[in-house]
Each structure stands twice: as structure tokens, then as C-alpha cells.
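Below, each chain spelled out in residue letters.
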Protein chains: 2
Amino acid sequence: MNKINKNFLKSSYHVKNLKLCSIRFHDNLKFPWLILIPRRKNITDMSELNSKDQILLMKEIIYVSKIVKKLFKTSKLNVEKIGNVVPQLHIHIIARNKNDSSWPLSVWVVKGKSYSKAALEKNLSKLKKAFK
Amino acid sequence: MNKINKNFLKSSYHVKNLKLCSIRFHDNLKFPWLILIPRRKNITDMSELNSKDQILLMKEIIYVSKIVKKLFKTSKLNVEKIGNVVPQLHIHIIARNKNDSSWPLSVWVVKGKSYSKAALEKNLSKLKKAFK
């Protein structure tokens, strides 16, 4: 079993463990944003997972995508494997809408902003309920 | 069967059709960049594909990822489903390295630049050979 990189521990919060991935809530009030982290050691790219895990990852991306779309009332998701800064394999699932602060550009062109403690707890509780 | 959106026809070139996706080469000399477009009608999100196609998409992403890593000599890929501007489902597979023009940031923070005709043809021929 791998450890969650400390960058994630500082900037995101545990929501739930699925069979393969930990779901974490990324602390950026500009976009509803989840991160899926496969709990496998020393993996930096999807092609390094075994084929069973690759399929499981796709299934978990779809499962989380559907809940995020419903919960945050959007049909538009950005699903991204970047990992230039933190190499540990992780997938961003970000709910977008036409009024958000970087639409139609990438989320990476605007600076992030943390939630207030109250808003963070509200979102986390909403997410934990949805993923129960 | 769907049609390729005209934005892609202007900015990318056909490489090969896989079982599900068309592989296209995106014309931006700043990054080696492929686009996978599932040949299915009216699909804007991976969760709208049927489950067989979702698994096929993952397999084709992995297949293309491995070839791109080898061909462009990198272990670092960005794999992104964005689609804010062009809704037709498409996946960017971008080879990154520490000397590229936006490292370690996202490719979306720098402006694209077209290849010369000669460089474009050289890359296309290299890709068509690799995906034969």
C-alpha cells in the first residue's frame, strides 16, 4: 500500500476509499474539485498500473464523475492526469460551469483560493454523504 | 459514426483509427501532443460512453501512452479530458519534459505555435510509422 504524498495532505481532505483509489476533496473554492489517488506503490502513470487496475481506475473515474455532476449540478467535467509537480499518480475531477472564474480556459490559469473552515466542512459533509 | 469537429480538422492531423478512437496529431511545436477522439455520436463526457467503450477508451489511452513515451523519450505524460471549448469528447495525450516551455505548469498557460510544414510532415510520418 502506498502513502499519500504530503502535498495532497496539506491541500486536500479525505472523503472515501474506493477499491482502488482514495477520493480526496481539493481545497479550492473556485471549483468543486476531487482527486482520485490509486493506492498502489511507486506508480506515476496510468500505463504502469496492471491492466485490472487500469480498468478499475476507469470505473472509479466514471463512478465519481456521475456523482460530481449530480452533486454540483453540471454536465461539464475536466478529468486530468497531470502530475508534473507531484509525481504520485492522481486524477483531478473538476466540475466546471460557464460562470466559474476561468471558463472556458483551464483551471490552471487562475490562482487557487482556500475555503473558509465552515464552507470546507459543509462541502466535506455533503461529499461524504454522497459517497456513502 | 460521428464527425470530427471542425476545430480539430483545422488544428490537428489524422494519424490512425483505432477500434474506438481516431488518433490525431495536434499542431503545436511546443509539445508532442496527440488527441484521441472516440468515434461515437453526441458524446461529451466519458461517463456517457457505454461501459464496453469506457474500457476500450482506457485501453487505447494506455496503448497510445506507451508509444508516445517511447517515441518522444519521456516518462511524463499529461492525459486530459477538458472539452470546455470543443464539447465533442476528446482526450489530450501530451508528452512533457523538464525543458519544455511551460514545465512544471500546465500546457494551457503558454500560447501554442504551429510547426513548419517540413517539421509537421516529419512528425506525422514518424507517428504513422509508430502506429502502423
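Rules behind the numbers
Residues numbered from 1 in each chain as written. Chains lettered and ligands numbered in written order. Predicted model: local features only at pLDDT ≥ 70, side-chain atom pairs only at ≥ 80, totals over all residues. Least-squares fit on C-alpha atoms with pLDDT ≥ 70 in both. Contact = placed C-beta atoms within 7 Å. pLDDT = per-residue confidence, 0-100. Helix = DSSP H or I, 4+ residues; strand = E, 2+ residues; numbered from the N terminus. Buried ≥ 20, exposed ≤ 12 C-beta atoms within 10 Å, placed from the backbone. Core = buried A, V, L, I, M, F, W, Y, C linked by C-beta atoms within 7 Å. Nonpolar A, V, L, I, M, F, W, Y, C, P; charged D, E, K, R; others polar. Pairing = 2+ DSSP bridges. Axes fitted to C-alpha atoms, helices over the stretch in contact; angles between N-to-C directions. Parallel < 35°, antiparallel > 145°, perpendicular 65-115°, else oblique. Left-handed = near helix turned anticlockwise from the far one by under 90°. Expected span 1.5 Å × (residues − 1).

What follows covers the relation of the copies chain B and chain A. Placing chain B over chain A gives an RMSD of 0.0 Å and needs a rotation angle of 180 degrees, together with 0.0 Å of translation along the axis. Each copy turns onto its partner about a two-fold axis. Residue Glu80 of chain B, judged by its C-alpha, is the member of chain B lying nearest the rotation axis, at 2.1 Å. Counting the interface residues of chain B, we find that 100% of their copies in chain A are interface residues as well, pointing to one common contact surface.

Another aspect to go through is the confidence of the model for chain A. Summarising the model, chain A shows a mean pLDDT of 96, and 99% of its residues fall at 70 or more. The ipTM, which scores confidence in the relative placement of chains, is 0.95 for this predicted complex, and the corresponding pTM is 0.96.

With that settled, consider the environment of Ser101 of chain A. Residue and element names in this part refer to chain A. Note on placement: Ser101 falls in the loop between strand 5 (91–96) and helix 3 (117–130). With 13 C-beta atoms packed within 10 Å, Ser101 lands in the partly exposed category. Setting aside residues up to four positions removed in sequence, Ser101 forms contacts with Lys30 and Val110.

Moving on, we come to the nonpolar core. Grouped together as the largest cluster of nonpolar side chains are 51 residues, with contacts concentrated most on Leu36 and Ile93 of chain A together with Leu36 and Ile93 of chain B. Sequence-distant contacts of Leu36 of chain A, defined by excluding residues within four places in its chain, comprise Cys21, Ile23, Glu60, Ile61, Val64, His90, Ile91 and Ile93 of chain A.

Chain B puts 27 residues into the contact, and the matching count from chain A is 27 residues. Every element with two or more residues in the side of chain B that touches chain A is listed here: helix 2 (51–71) and strand 4 (76–81) of chain B. Per-element accounting of the side of chain B that touches chain A gives the leading share, seven residues, to helix 2 of chain B. Broken down by class, the residue content of the side of chain B that touches chain A amounts to 14 nonpolar, seven polar and six charged. The pairing of strand 4 (residues 76–81) of chain A with strand 4 of chain B spans three bridges and is antiparallel. When the bridges of strand 4 of chain B are listed, Val79 of chain A appears paired with Lys81 of chain B.

Bringing the sheet that holds strand 4 of chain B into the picture now. Read from one edge to the other, the open sheet built from 10 strands follows the order 1(A)-2(A)-3(A)-5(A)-4(A)-4(B)-5(B)-3(B)-2(B)-1(B), with strand pairing classed as antiparallel. Strands at the two margins of the open sheet, each flanked by one partner only, are strand 1 (12–17) of chain A together with strand 1 (12–17) of chain B. Along the sheet, successive strands turn relative to each other by an average axial angle of 25 degrees, direction set aside. Of the pairings in the sheet, the one linking strand 4 of chain B to strand 5 (residues 91–96) of chain B comprises five bridges and is antiparallel in character. Bridged to Asn78 of chain B within strand 5 of chain B is Ile94 of chain B. Taken strand by strand, helix 2 of chain B contacts strand 2 (21–26), strand 3 (33–38), strand 4 and strand 5 of chain B, and its axis lies near 165 degrees from that of strand 3 of chain B.

Where helix 2 (residues 51–71) of chain A meets helix 2 of chain B, the closest approach of the two axes is 9 Å, and the angle between their N-to-C directions is 125 degrees. Classified by the angle their axes make, helix 2 of chain A and helix 2 of chain B are oblique. Our pair here, helix 2 of chain A against helix 2 of chain B, has a crossing hand that is right-handed. The residues of helix 2 of chain B that touch helix 2 of chain A, namely those facing Gln54, Ile55, Met58 and Ile62 of chain A, are Gln54, Ile55, Met58 and Ile62 of chain B. Here the contact of helix 2 of chain A with helix 2 of chain B is built from residues that sort into six nonpolar, two polar and no charged.

The next subject is helix 2 of chain B. Look at helix 2 of chain B: 30 Å from first C-alpha to last across 21 residues, which is about the 30 Å you get at 1.5 Å a residue. Residues of helix 2 of chain B that are buried include every one of Gln54, Leu57, Met58, Glu60, Ile61, Val64, Ser65 and Val68 of chain B, and no others. On its buried face, helix 2 of chain B sits against helix 2 of chain A together with strand 2, strand 3, strand 4 and strand 5 of chain B. Positive phi shows up at Lys73 of chain B, right after helix 2 of chain B, with a value of about 50 degrees.

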